[in-house]
Amino acid sequence: MADIPATAASRAAIEDPLRIAGRELRSRLLLGTGGFPSLELLAEAIALSGSELVTVALRRVQAGGPGGLIDVLDAAGVQLLPNTAGCHTARDAVLTARLSREAFQTDWIKLEVIGDEDTLLPDAPELLRAAEELVGDGFVVLPYTTDDPVLARRLADVGCAAVMPLGSPIGSGMGIRNTYNISLIREAVDVPVVLDAGIGTASDAALAMELGCDAVMAASAISRAQDPAAMALAMRRAVEAGRLARGAGRIPRRRYATASTSDEGLAELT
Amino acid sequence: MTILLNGRTCELPAPGTPAGALAELGLDPGARGVAVAVDGEVVPRAEWESLALSEGARVEVLTAMQGG
């Protein structure tokens, strides 16, 4: 970050690591691996995103054995964050988490329990039930949740290591539909808040950080962009810019103009 | 013996084990990033060679895919 003046505030904003369950991450951008057209593009995007925590899903082995995904992620040196994508009940999600722990030797799980096929919105009661069970089973649980501050607090209360509220439905690219709720969630919980789902472009990621989120997760916004590698870099810079802006303290919004140039010494020309 | 392997009917030489099911899919028991469930229960890697599958067992062999 040689291009940033080394004031104490800017150093703190950039260098203060994200802490989840005792682990320190320098990058505040989590990357989803879904939707990349090739493993080569995925590898390039990981490198440019700077992400250290990358999701994977668990699916049936296809004929011909496992692909090279694990090798690519190993080579990138990232930590795996298995998810329970596609699960619709607490029971399925808990079983998928346990299978992921067997497969990837990690206690970390991005918990998703889907309640609606069209919107892929979380099923709140099932999500909370699964979270409680997995925390009790020793998992580091990062739940994908709605932007409901009360549910976020309940998830934190049962021991989730972070909460991951959606900005808008998965893959919709609609950005953050309820900025007010996201800032309420930031106030409601002491665990990290990771804005998950709905990010469409870099400004959405910056906004999430400006609202006080501790990190941003992006998948489709990067993998389905016309140039995924360039978008990965854009997201990285946006997350850093948003965090800096949050720390810098934005000016309040006003209804009318406030001149930035003083009238003092204004010439009388006519 | 007949099992249901990843949703497909499959013949395994008796006595069938998860390791035998893996072999059907071209995997060896040392395969990385793989998990096995039998009849909805996780089977730890340590039991892949020893667990005796019952006739008609539902065996799921799972691995990492892009997602999330």
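Since we're looking at a predicted model, the values are computed, not measured.

K.L.:
I tried to follow the overall build of chain B on my own but got confused; where do I start?
P.N.:
Summing up its helical and strand segments, chain B has one helix and five strands in all. Helices and strands appear in chain B in the N-to-C order β-β-α-β-β-β. Relative to a compact globule of 68 residues, whose C-alpha radius of gyration would be 11 Å, chain B shows 11 Å and is just as compact. If you line up chain B on its principal axes, its C-alpha atoms span 35 × 25 × 20 Å. When contacts within chain B are restricted to residue pairs at least 6 apart in sequence, long-range pairs at least 24 apart make up 48% of them. Carbon together with sulfur atoms contributes 53% to the accessible area of chain B, which is approximately 3,200 Å² in total.

K.L.:
How should the overall build of chain A be read in this particular structure?
P.N.:
Looking only at helices and strands, one finds ten helices and ten strands in chain A. By the compact-globule yardstick of 18 Å for 270 residues, chain A fits well, its C-alpha radius of gyration being 20 Å. Counting only C-alpha atoms, chain A reaches 85 × 40 × 35 Å along its principal axes. Per-residue burial for chain A yields a buried fraction of 51% across its 270 residues. Across chain A, contacts joining residues at least 24 apart in sequence account for 65% of those joining residues at least 6 apart. Total accessible area on chain A stands at roughly 13,100 Å², and carbon and sulfur atoms take up 49% of it. One way to put it: in chain A the 25 positive side-chain charges average out to a point 2 Å from where the 35 negative ones average out.

K.L.:
How should the nonpolar core be read in this particular structure?
P.N.:
Looking at soluble globular proteins, one finds that nonpolar side chains tend to be buried together. If you look at the biggest cluster of nonpolar residues, it comprises 69 residues, and the most contacted ones within it are L73(A), L111(A), V216(A) and I222(A). Among the elements that take part in this core, helix α4 (residues 90-104) of chain A stands out by supplying eight residues, more than any other. Residues in contact with I222(A), not counting those within four places in the same chain, are L31(A), F36(A), A45(A), P228(A), M231(A), A232(A) and M235(A). With 20 residues, the next largest nonpolar core counts V34(B), V38(B), L53(B) and A57(B) among its residues.

K.L.:
What is the right way to look at the side chain of D204(A) in this model?
P.N.:
Position of D204(A) among the secondary structure elements: in helix α8 (residues 202-210). Among buried Asp, Glu, Lys and Arg side chains, D204(A) stands out as unpaired, with R177(A) the closest opposite charge at 8.6 Å.

K.L.:
Help me understand the environment of D28(B), please; the structure alone is not making it clear to me.
P.N.:
All names here are of chain B. Its location among the elements puts D28 in the loop between α1 (18-24) and β3 (34-38). Look at D28 and you get partly exposed, because its relative accessible area is 48%. A polar contact of 2.7 Å, which involves the side chain of D28, links it to the backbone nitrogen of G30.

What counts, and at which threshold
- Residues numbered from 1 in each chain as written.
- Chains lettered and ligands numbered in written order.
- Predicted model: local features only at pLDDT ≥ 70, side-chain atom pairs only at ≥ 80, totals over all residues.
- Heavy atoms only, no water.
- Helix = DSSP H or I, 4+ residues; strand = E, 2+ residues; numbered from the N terminus.
- Rg over C-alpha atoms; globule rule 2.2 N^0.38 Å.
- Contact = heavy atoms within 4.5 Å.
- Areas by Shrake-Rupley, 256 points an atom, 1.4 Å probe, with all protein chains shown as cover.
- Buried < 20%, exposed > 50% of the residue type's maximum accessible area, 1.4 Å probe, protein only.
- Lys, Arg positive; Asp, Glu negative; His and termini not counted.
- Charge placed at Lys NZ, Arg CZ, Asp CG, Glu CD.
- Core = buried A, V, L, I, M, F, W, Y, C linked by side-chain atoms within 4.5 Å.
- Salt bridge = Lys/Arg side-chain N within 4 Å of Asp/Glu carboxyl O.
- Polar contact = N/O pair within 3.5 Å; in protein donor to acceptor, adjacent residues only side chain to side chain.

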